[in-house]
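Each chain, letter by letter, is given below.
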There are 2 protein chains.
Amino acid sequence: MGTISKPVVGIIGTGAIGGFYGLMLARAGFDVHFLLRSEFSAVAERGLHVNSAVHGPLTLNPVQAYASAEDMPPCDWLLVGAKTTSNVGLAPSIIQASKPGAKVLLLQNGLDVEDSLRERLPDSLHLLGGLCLICVHREGPGQIAHQALGAVNVGYHSGPAIDDAERMAIVEEGCTLFRAAGIDSQAMPNLQQARWQKLVWNIPYNGLSVLLGASTTPLMADADSRALIQALMTEVVHGAKACGHDMPPGYAEYLFMMTEKMPDYWPSMHHDFLHKRALELEAIYVRPLSAAKAAGCELPRIEALYRTLGFIDRRNV
Amino acid sequence: MGTISKPVVGIIGTGAIGGFYGLMLARAGFDVHFLLRSEFSAVAERGLHVNSAVHGPLTLNPVQAYASAEDMPPCDWLLVGAKTTSNVGLAPSIIQASKPGAKVLLLQNGLDVEDSLRERLPDSLHLLGGLCLICVHREGPGQIAHQALGAVNVGYHSGPAIDDAERMAIVEEGCTLFRAAGIDSQAMPNLQQARWQKLVWNIPYNGLSVLLGASTTPLMADADSRALIQALMTEVVHGAKACGHDMPPGYAEYLFMMTEKMPDYWPSMHHDFLHKRALELEAIYVRPLSAAKAAGCELPRIEALYRTLGFIDRRNV
């Protein structure tokens with residue numbers, strides 16, 4: 001086999017997630033191009049900075065930063081770290097910055113987050129989903145705090161791949177990209193299953209962080225919130241099973257224990273709430289509830305939690 | 001039949017509830033004695049004032065106010081308007097202020113609120129429960145705001161009554177007392193059933209007022225909180241049925257509509273939260289959940305709501 005040139009990577013939505021993974025890939029020698037909006041000037045002038053509890057302070061300066069997708073070179077891989085609530089509006093930028101046959105990877109939580117974007121992308125683009133197991137948040141323009149973890153699990157959603165073998169090859173190519181940057185990455189043979197697995201964490205912790213104004217440490221220290229987290233996790237596992245996705249045995253217990261060992265963490269939904277951004281309720285609550293209900297499975301605690309968040313979101317934005 | 005002298009009434013815990021009903025009874029000509037703690041000086045000096053949207057401004061001055069139960073005359077009826085969380089500590093005052101064979105009426109919400117007090121009262125005292133359908137709150141020392149409604153439904157809990165006829169006669173005596181003061185009052189043949197009925201309102205509105213920081217008007221204006229209130233009410237009705245108490249048909253819908261017509265109201269649990277008092281979680285959530293569970297009935301939304309309130313309460317007090 002001949003040498004394969006390193007792929008050109010575009011980061012669409014350079015918040016905490018896009019900024020962290022883009023910086024890690026750039027430092028590993030990839031040719032990475034960052035599309036920014038409000039933070040363009042700050043990043044173009046002063047670079048990207050990750051204060052990482054795992055890797056120490058990391059800086060990328062200069063940054064190949066762009067205020068418009070029209071100025072970006074055609075990319076082989078596009079990593080989308082924006083909120084699910086903005087996916088539809090990102091389609092023109094993604095198309096603009098894509099090489100023919102490019103791979104678009106949504107680094108987002110929730111169910112079916114690819115669907116609204118898929119409708120707006122040409123059939124020639126591969127669409128993939130990535131689940132990030134990471135504690136990271138934006139601290140200011142071009143300033144990112146990385147507290148713990150970092151793995152990205154990748155699955156194929158849709159596109160021109162002709163068979164499972166080609167789909168897995170593309171997914172493995174994505175995993176290899178991350179691994180080359182020192183980031184754990186697993187290929188997920190079933191993206192829907194992987195998204196349900198991630199929801200076992202996101203449904204309790206994201207919602208309760210907003211509803212109770214509490215980060216993971218106090219939530220894990222109180223008997224009532226612990227019991228509620230476990231009951232919510234159990235409901236997610238039931239919902240997944242009803243939709244045909246058996247979770248690995250002990251998976252909820254594993255996430256619960258992992259959270260107990262994590263440094264104190266404010267989930268992303270809490271940051272959205274604080275900054276009066278729309279909460280990602282559709283992707284993280286509405287679609288899982290609908291999918292489970294269509295499969296004949298009621299998830300009453302998750303539904304109650306969702307209703308309280310709907311009320312809070314409408315008052316907040 | 002001879003003339004019956006008007007009963008002597010003692011008010012134990014002169015907050016919004018005790019103050020309102022005590023003032024109404026005193027204005028109707030009953031001999032009413034008020035036991036106070038922190039508000040004793042204010043009420044002894046300046047009287048009791050109810051700013052009522054129904055009856056206009058009402059004043060009782062002078063007030064027969066006492067700082068200690070030892071100074072009170074022996075009473076025929078004792079109305080307890082304190083929080084359920086303080087019932088145990090009130091037993092000595094109640095005993096001190098009671099005539100032999102006196103009737104003790106707990107004007108409190110929740111399930112089995114009589115039990116802890118019953119253990120501490122002599123067998124010679126009758127114990128009754130009263131459910132107040134009223135929008136009232138304390139505005140300051142001796143200052144009460146009455147926004148709407150006022151009915152008290154009364155049922156017999158326990159005591160020396162020898163048969164149903166005597167129990168009903170005592171209950172009717174209590175209802176007559178309130179009616180003489182212009183207050184609607186119904187005899188409840190089954191106190192437990194009456195307490196479950198009241199919970200159909202208290203469980204959703206008390207908890208959500210604390211959890212969402214919202215009074216009844218915004219809660220009734222939002223599609224998500226409306227749906228959650230209805231789902232919670234349905235669970236209370238299921239729990240009651242499992243415990244052998246069928247609610248009247250359409251009862252939850254009636255309370256929902258009634259709340260829609262009420263003036264905007266902050267339930268008492270919200271006031272407790274604001275003033276960093278312990279929330280009445282035991283009476284309003286824990287005991288109904290336990291009773292339903294013992295009858296084989298899970299109430300998952302109520303349980304989830306209770307868990308969030310437990311977390312909030314522990315952080316607040």
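Residues numbered from 1 in each chain as written. Chains lettered and ligands numbered in written order. Predicted model: local features only at pLDDT ≥ 70, side-chain atom pairs only at ≥ 80, totals over all residues. Heavy atoms only, no water.

Visitor: Help me understand the overall build of chain A, please; the structure alone is not making it clear to me.
Guide: Counting its regular elements, chain A contains 12 helices and 10 strands. Each principal axis of the C-alpha atoms in chain A carries an extent, and together these give about 55 × 45 × 35 Å. Here chain A, with 317 residues, has 58% of them falling under the buried criterion. If you take every contact in chain A between residues at least 6 apart in sequence, the share linking residues at least 24 apart comes to 71%. Carbon and sulfur atoms provide 53% of the accessible area of chain A, an area that totals close to 12,600 Å². Between the mean site of the 25 positive side-chain charges and the mean site of the 31 negative ones, chain A shows a separation of 3 Å. (Helix = DSSP H or I, 4+ residues; strand = E, 2+ residues; numbered from the N terminus. Buried < 20%, exposed > 50% of the residue type's maximum accessible area, 1.4 Å probe, protein only. Contact = heavy atoms within 4.5 Å. Areas by Shrake-Rupley, 256 points an atom, 1.4 Å probe, with all protein chains shown as cover. Lys, Arg positive; Asp, Glu negative; His and termini not counted. Charge placed at Lys NZ, Arg CZ, Asp CG, Glu CD.)

Visitor: I keep staring at the nonpolar core and nothing clicks. Help me out?
Guide: Nonpolar side chains in soluble globular proteins tend to be buried together. I94(A), L208(A), Y285(A), I94(B), L208(B) and Y285(B) are the most contacted members of the largest nonpolar core, which totals 138 residues. If near-sequence neighbours (up to four positions away) are discounted, I94(A) is found in contact with I12(A), L78(A), V80(A), V104(A), L117(A) and L121(A). (Core = buried A, V, L, I, M, F, W, Y, C linked by side-chain atoms within 4.5 Å.)

Visitor: What is the right way to read empty space enclosed by the protein from this model?
Guide: Rolled over the atoms, a probe with the dimensions of a water molecule shows which regions are left empty. Tallying each qualifying case throughout the model produces one cavity of 30 Å³ or more. Quantified by volume, the largest cavity comes out at close to 110 Å³. What lines the largest cavity is a set of 16 residues, and nearest its centre among them are A304(A), L305(A), T308(A), A304(B) and L305(B). Elements with a minimum of two residues in the lining of the largest cavity: helix 6 (191–211), helix 8 (223–242) and helix 12 (300–316) of chain A together with helix 6 (191–211), helix 8 (223–242) and helix 12 (300–316) of chain B. (1 Å grid on protein atoms, 1.4 Å probe; cavity = no way out; pocket = protein on both sides within 12 Å on 5 of 7 lines; lining within 4 Å. Points joined across faces, edges and corners; volume = space filled by probe spheres on them.)

Visitor: I'm lost on the packing of aromatic side chains in this one. Help?
Guide: The geometry of an aromatic ring pair is captured by the separation of the ring centres together with the interplanar angle, meaning the angle of the planes. Inspection of every chain in the model, using the stated rule, returns 10 aromatic pairs over all chains. Taken together, a centroid distance of 5.6 Å and an interplanar angle of 80° make the contact between Y21(B) and F178(B) edge-to-face. Of the two residues, Y21(B) is situated in helix 1 (residues 16–27) and F178(B) in helix 5 (residues 164–180); the sequence distance between them amounts to 157 residues. Side by side, Y21(B) and F178(B) carry an identical accessibility label, which is buried. Over the face of the ring belonging to F30(A) we find K6(A), whose NZ or CZ atom lies 4.6 Å from the ring centre. (Phe/Tyr/Trp six-rings, centres within 6.5 Å; stacked < 30°, edge-to-face > 60°. Lys NZ or Arg CZ within 6 Å of the ring centre and 35° of its normal.)

Visitor: Would you mind going over the packing of helix 6 of chain A against helix 8 of chain A with me for this structure?
Guide: Axes are the key here: two packed helices are described by the angle between their axes and the distance separating the axes. Residues and elements named next belong to chain A. In the contact formed by helix 6 and helix 8, the axes pass within 9 Å of each other and the chain directions differ by 145°. Helix 6 and helix 8 meet at a crossing whose hand is right-handed. Here helix 6 contributes W196, L199, V200, I203, P204, Y205 and L208 to the contact with helix 8, which in turn contributes L228, I229, L232, M233, V236, V237, G239 and A240. Looking at the contact of helix 6 with helix 8 residue by residue, the classes come out as 14 nonpolar, one polar and no charged. (Axes fitted to C-alpha atoms, helices over the stretch in contact; angles between N-to-C directions. Left-handed = near helix turned anticlockwise from the far one by under 90°. Nonpolar A, V, L, I, M, F, W, Y, C, P; charged D, E, K, R; others polar.)

Visitor: Teacher, can you tell me more about the pattern of salt bridges here?
Guide: Two side chains of opposite charge can pair, provided their charged atoms sit close to one another. Under the definition given, this model contains 34 salt bridges over all chains. For E260(B), the salt bridge identified is with R226(B), shortest N-O distance 2.4 Å. Here the residue E260(B) occupies a position in helix 9 (residues 251–261), and R226(B) occupies one in helix 8, the gap between them amounting to 34 residues. Relative accessible area serves as the criterion here: at 40%, E260(B) is assigned to the partly exposed category. Assessed through its relative accessible area of 25%, R226(B) is described here as partly exposed. Linked through salt bridges whose partners overlap, the residues forming this network are K83(A), D272(A), R277(A) and E280(A). (Salt bridge = Lys/Arg side-chain N within 4 Å of Asp/Glu carboxyl O.)

Visitor: Where do I start with the relation of the copies chain B and chain A in this structure?
Guide: To go from the first copy of the chain to the second, apply a rotation about an axis and then a shift along the same axis. Mapping chain B onto chain A calls for a screw motion: a turn of 180° about the axis and a shift of 0.0 Å along it, with 0.0 Å RMSD after fitting. In symmetry terms, the pair is related by a two-fold rotation axis. The C-alpha atom lying nearest the rotation axis in chain B is that of R301(B); the distance is 2.6 Å. Of the residues that chain B buries at the interface, 100% are likewise interface residues in chain A, meaning the two copies contact each other through the same surface. (Least-squares fit on C-alpha atoms with pLDDT ≥ 70 in both.)

Visitor: Please clarify how the interface of chain B and chain A should be interpreted in this entry.
Guide: The accessible area lost on association of the parts is a frequent measure of interface size. Facing 25 residues of chain B, the contacting portion of chain A comprises 25 residues. Taking both partners together, chain B and chain A bury about 2,200 Å²; carbon and sulfur atoms supply 59% of that area. By the criterion of area lost to chain A, the three top residues of chain B are D224(B), R307(B) and F311(B), representing 30% of everything that side buries. Viewed at the interface, chain A and chain B are joined by eight salt bridges. One salt bridge connects D224(A) with R314(B), and the closest N-O pair in it is separated by 2.7 Å. The interface formed by chain B and chain A includes eight residue pairs in polar contact (both at pLDDT 80 or more). Sorting the residues of the side of chain B that touches chain A by element identifies helix 7 (216–221), helix 8 and helix 12 of chain B as the ones contributing at least two each. At 12 residues, helix 12 of chain B tops the list of elements feeding residues into the side of chain B that touches chain A. Looking at the side of chain B that touches chain A, its residues break down into 13 nonpolar, four polar and eight charged. (Buried area = accessible area lost by both parts, 1.4 Å probe. Polar contact = N/O pair within 3.5 Å; in protein donor to acceptor, adjacent residues only side chain to side chain.)

Visitor: What's the story with helix 12 of chain B in this structure? I'm lost.
Guide: An α-helical segment advances 3.6 residues per turn. Residues three or four places apart therefore align on the same side. Over its 17 residues, helix 12 of chain B runs 24 Å from end to end, which matches the ideal 24 Å to within 8%, given 1.5 Å per residue. Of all 17 residues in helix 12 of chain B, 14 are buried; the element is thus mostly enclosed. (Expected span 1.5 Å × (residues − 1).)

Visitor: Which parts of the structure should I look at to understand the side chain of H270(B)?
Guide: Residue and element names in this part refer to chain B. With respect to the element layout, H270 can be found in helix 10 (residues 268–274). What makes H270 buried here is its relative accessible area of 8%. Beyond its immediate stretch of four places on either side in the chain, H270 contacts S209 and V210.

Visitor: Any chance you could explain helix 1 (residues 16–27) of chain A here in plain terms?
Guide: Residue and element names in this part refer to chain A. Given a rise of 1.5 Å per residue, 12 residues ought to cover 16 Å, and the 16 Å separating the end C-alpha atoms of helix 1 matches this to within 8%. Of the positions making up helix 1, those classed as buried are A16, I17, G18, G19, F20, Y21, G22, L23, M24, L25 and A26. Just beyond helix 1, the residue with positive phi is G29, at close to 100°.

Visitor: Explanation requested: the pairing of strand 2 (residues 31–35) of chain B in the structure shown.
Guide: Where a strand is regular, its side chains alternate between the two sheet faces. All names here are of chain B. Among the five residues in strand 2, four count as buried, and that is most of the element. At this point the chain moves from strand 1 (residues 8–12), through helix 1, to the parallel strand 2, and the crossover so formed is right-handed. Both strand 2 and strand 5 (residues 65–66) contribute to a ladder of two bridges, which runs parallel. In the sheet register, F34 faces strand 5, and the bridge partner there is A65. (Right-handed = clockwise from strand over helix to strand, strands pointing away. Pairing = 2+ DSSP bridges.)

Geometry only, nothing functional implied.
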